[in-house]
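Here are the chains, one letter per residue:
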Amino acid sequence: MIREARKEDLDAILELYLCLHEESIPEHDEHLKDTWDQIINDTNHHLIVYELDGKIVSSCVCVIIPNLSRNVRPYAFVENVVTHKDHRKHGYAGACLDYAKDIALKENCYKMMLLTGSKRPETLRFYENAGYNSTDKTAFIQWL
């Protein structure tokens, strides 16, 4: 089942993020609680999860960003695409990306953007097969 995250999904998502790039689950302090509340309550922030047999096995984030250009149409930014290592190659992340695209279309976005740190050819092919390309734009990142 694919759906948007619910408040009670926090621990499962944090555990899934260990398969992304996290080395540990953050401390359950006030900062984490406030950040989670912000995410869950932001109507432009969509944390999409794929649930299999009661366990969250894949996820991505789709944020709708209001915009003054392109005829005042928003755009979508996709981040934190992850599937648990035991559940890869079954289409779960692709389903999450399709769900994100449906949200972006419903919100009248003129484009979706996605960045990946991966250089692995199979990962890049996965994003290309999902409809993304790496030729139209050049991405720059400044780590803070």
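Along each chain, residues carry numbers from 1 onward, in the same order as the chain's sequence is written. Side-chain atom pairs in this predicted model are given and counted only at pLDDT of 80 or more, local residue features only at pLDDT of at least 70, and totals for whole chains, interfaces and linings cover all residues. Heavy atoms from the whole structure form the basis of all side-chain values; hydrogens and water molecules are not counted.

Visitor: Is there a simple way to explain the overall build of the protein in this structure?
Guide: The helix and strand labels rest on DSSP assignments: H or I over at least four residues marks a helix, E over at least two residues marks a strand, and numbering proceeds from the N terminus. Each helix and strand in the protein was counted, giving four helices and five strands. Counting from the amino terminus, helix and strand elements in the protein follow one another as β-α-α-β-β-β-α-β-α. We compute the radius of gyration from the C-alpha atoms alone; for a globule the expected value is 2.2 Å times N to the 0.38, where N is the number of residues. Taken over the C-alpha trace, the protein has a radius of gyration of 15 Å; the compact-globule value for 144 residues is 15 Å, and the two agree within 12%. Type-normalised accessible area, obtained with a 1.4 Å probe on protein chains alone, sets the label of each residue: buried when under 20%, exposed when over 50%, and partly exposed for intermediate values. Looking at the protein residue by residue over its 144 residues, the buried ones come to 35%. Looking at the protein as shown, the accessible area adds up to about 9700 Å², and 51% of this sits on carbon and sulfur atoms. Surface exposure here means Shrake-Rupley accessible area, sampled with a 1.4 Å probe, where a residue is shielded only by the protein chains that are shown.

Visitor: How should the packing of aromatic side chains be read in this particular structure?
Guide: We describe a pair of aromatic rings using the distance from one ring centre to the other and the angle between the two ring planes. For Phe, Tyr and Trp, where Trp contributes only its six-membered ring, two rings pair if their centres lie within 6.5 Å, and the inter-plane angle classes them as stacked under 30 degrees, edge-to-face over 60, or tilted in between. All told, the structure shown has three aromatic pairs when counted by the stated rule. For the ring pair Tyr75 and Tyr110, a centre distance of 6.4 Å and an interplane angle of 75° mean the geometry is edge-to-face. Of this pair, Tyr75 sits in strand 4 (residues 75-83) while Tyr110 is found in the loop between helix 3 (92-106) and strand 5 (112-114), placing the two residues 35 residues apart along the sequence. Tyr110 sits in the partly exposed class, given a relative accessible area of 25%. Only lysine NZ and arginine CZ atoms are considered, and such an atom sits over a ring when it is within 6 Å of the ring centre and within 35 degrees of the ring normal. Just above the ring of Tyr75 sits the side chain of Lys111; from NZ or CZ to the centre is 5.5 Å.

Visitor: What exactly am I supposed to notice about the sheet that holds strand 2 (residues 45-52) here?
Guide: Working definition: the strands of a sheet are paired by backbone hydrogen bonds and lie parallel or antiparallel to each other. Two strands form a pair only when DSSP identifies at least two bridges running between them. Read from one edge to the other, the open sheet built from five strands follows the order 1-2-3-4-5, with strand pairing classed as mixed. In the strand order of this sheet, the two ends are held by strand 1 (2-4) and strand 5, each with one partner. Direction aside, the axes of adjacent strands within the sheet are offset by 25° on average. The pairing of strand 4 with strand 5 spans three bridges and is parallel. Considered in strand 5, the bridge of Ala76 is made with Met112. By the convention used here, residues are in contact when the closest approach between their heavy atoms is within 4.5 Å. To obtain each axis, a line is fitted to C-alpha atoms, and for helices this fit is confined to the stretch in contact; angles are then taken between N-to-C directions over 0 to 180 degrees. Those strands touched by helix 3 are strand 1, strand 2, strand 3 (55-65), strand 4 and strand 5, and its axis lies near 30° from that of strand 3.

Visitor: Which parts of the structure should I look at to understand unusual backbone geometry?
Guide: Leave glycine aside and you will find that most residues have negative phi; peptide bonds, for their part, are mostly trans. Of note, the phi angle at Asn80 is positive, near 55°, even though the residue is not glycine. Among the structural elements, Asn80 can be located in strand 4.

Visitor: Explanation requested: a nonpolar patch on the surface in the structure shown.
Guide: Patch membership requires more than 30% relative accessible area and the absence of a salt bridge. Residues of like charge join within 9 Å; the nonpolar side chains Val, Leu, Ile, Met, Phe, Trp and Tyr join within 5 Å. Every case where a carboxyl oxygen of Asp or Glu lies within 4 Å of a side-chain nitrogen of Lys or Arg is listed as a salt bridge. A grouping of Leu115, Ile141 and Trp143 is seen on the molecular surface, where their side chains present a nonpolar patch of about 390 Å² in accessible area. With respect to the helices, strands and loops of the structure, Trp143 is situated in the segment after helix 4 (121-129).

Visitor: Sorry, what's going on with the side chain of Ser58 here?
Guide: Structurally, Ser58 can be placed in strand 3. Of the residues examined, Ser58 reaches a relative accessible area of 0% and is grouped as buried. A polar atom in the side chain of Ser58 sits 3.4 Å from the backbone nitrogen of Ala93. Distance and chemistry together define a polar contact, namely a pair of N or O atoms within 3.5 Å, with one atom able to donate a hydrogen and the other to accept it when in protein, and with adjacent residues in sequence counting only for side-chain atoms on both sides.

Visitor: Is there a simple way to explain the pattern of salt bridges in this structure?
Guide: Once the charged atoms of two side chains with opposite charge are near each other, the side chains can pair. According to the stated counting rule, one finds eight salt bridges in the structure shown. Across the pair Arg3 and Asp9 runs a salt bridge, and its minimum N-O distance is 2.6 Å. Given the relative accessible area of 8%, Arg3 is considered buried. A salt bridge links Lys33 to Asp37, with the nearest nitrogen and oxygen atoms 3.0 Å apart. Residue Lys33 and its partner Asp37 are both found in helix 2 (residues 30-41); the two are separated by four residues, about one turn of the helix. Among the charged side chains, a network of salt bridges with common partners joins Arg3, Asp9 and Glu51.

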